[in-house]
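What the coordinates show
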Amino acid sequence: MDEGHIAADLTNVLYTREQVAERLAELAKEIDETYRDKDLLLVGVLNGAVMVMADLSRAMSIHMSMDWMAISSYGSGTQSSGVVRILKDLNTDISGRHVLVVEDIIDTGLTLSYLISNLRSREPASLEIMTMFRKPEAAQNAVDVKWVGFDIPNEFVVGYGLDYAGKYRNLTSVGTLAPHVYS
Ligand code: 5GP
Ligand code: MG
Ligand code: MG
């Protein structure tokens, strides 16, 4: 696909589609090994994790089911408040299931903290997290993430499922926006 028009809005490409795919293949192998004999349920967090879910699941080779949650942070602006509202809950009863939460990006980790304690109360057999990207601030909150695609600098990034004002999710690479986009 020629995405030149959208890609022109990036000042800096952090990871190309190929680099993302290569890293996902490595993680898929590890995740396959971990859940080889288990009944695995991947839980994708809408909307951002759609691309990761699609690519990770197809890079894996074991049986799995998939389900989705949509959550929204209360709070204004770009700062996460940690107060979260469930917009769409799972269709699946996860009690006794092996659950792997698939995330696009962890910034403060506040959203994920809420999600994890909510899911834990449903008594899954196991509960782990995979995220494609993670920012430095995540270290300050005790969210135990088992698989991380890339640790990235503390910048606002778009592409590969991540949006700015609802757009750029379909950009196959991930990068920072050029200043002219904001003005
Ligand atoms: P947290 O609660 O970890 O601070 O926020 C996580 C959510 O904020 C992510 O699921 C994502 O929706 C959004 N977010 C955090 N950092 C970025 C970023 O760099 N770019 C985009 N597009 N969204 C981000
Ligand atoms: Mg997310
Ligand atoms: Mg967003």
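We now turn to the structure provided with this report. (Residues numbered from 1 in each chain as written. Chains lettered and ligands numbered in written order. Predicted model: local features only at pLDDT ≥ 70, side-chain atom pairs only at ≥ 80, totals over all residues.)

Tracing the sequence through the fold places Asp163 in the loop between strand S8 (157–158) and strand S9 (174–177). For Asp163 and Ala125, which are 38 residues apart along the polypeptide, the C-alpha to C-alpha distance reads 33 Å. Discounting chain neighbours no more than four positions away, the residues touching Asp163 are Val158, Tyr168 and Arg169. (Helix = DSSP H or I, 4+ residues; strand = E, 2+ residues; numbered from the N terminus. Contact = placed C-beta atoms within 7 Å.)

What follows concerns the sheet that holds strand S4 (residues 84–88). Reading across from one edge, S4-S3-S2-S5-S6-S7 is the order of the 6 strands in this open sheet, with mixed pairing throughout. At either margin of the open sheet sits one strand with a lone partner, and together these are S4 and strand S7 (147–151). Within the sheet, the average angular offset between the axes of one strand and its neighbour, ignoring direction, is 25 degrees. Its contacts with the sheet place helix H3 (residues 50–59) against strand S2 (40–46), strand S3 (65–73), strand S5 (98–106) and strand S6 (126–134), and it is angled at close to 155 degrees to S2. (Pairing = 2+ DSSP bridges. Axes fitted to C-alpha atoms, helices over the stretch in contact; angles between N-to-C directions.)

To continue, consider the sheet that holds S9. Pairing is antiparallel in the open sheet, where 3 strands are placed in the order S1-S9-S8. Each of the sheet's edge strands pairs with one partner strand only, and the pair in question is strand S1 (10–15) and S8. Note: S1 against S9, 4 bridges, orientation antiparallel. Within the sheet, the bridge partner assigned to Val13 lies in S9 and is Gly175.

Buried within helix H4 (residues 110–120) are the following residues: Leu110, Thr111, Leu112 and Leu115. Buried positions along H4 lie against S3, S4, S5 and S6. (Buried ≥ 20, exposed ≤ 12 C-beta atoms within 10 Å, placed from the backbone.)

We now examine the nonpolar core. In globular proteins that are soluble, nonpolar side chains generally tend to be buried together. Formed by 38 residues in total, the largest nonpolar core has its most connected members in Leu100, Val101 and Val102. Elements that contribute at least two residues to this core include exactly helix H2 (17–34), S2, H3, S5, H4, S6 and S8. A per-element tally of this core places S5 first, with 6 residues. (Core = buried A, V, L, I, M, F, W, Y, C linked by C-beta atoms within 7 Å.)

Here the focus is the packing of H2 against H3. Two measures define how a pair of helices packs: the angle their axes make with one another and the distance between the axes. For the pair H2 and H3, interaxial distance at closest approach is 8 Å and the crossing angle is 55 degrees. Relative to H3, the element H2 lies oblique. Between H2 and H3 lies a crossing of right-handed hand. Here H2 contributes Ala21, Leu24, Ala25, Leu27 and Ala28 to the contact with H3, which in turn contributes Asp55, Leu56 and Ala59. Residues belonging to the contact of H2 with H3 are distributed by class as follows: 7 nonpolar, no polar and 1 charged. (Parallel < 35°, antiparallel > 145°, perpendicular 65-115°, else oblique. Left-handed = near helix turned anticlockwise from the far one by under 90°. Nonpolar A, V, L, I, M, F, W, Y, C, P; charged D, E, K, R; others polar.)

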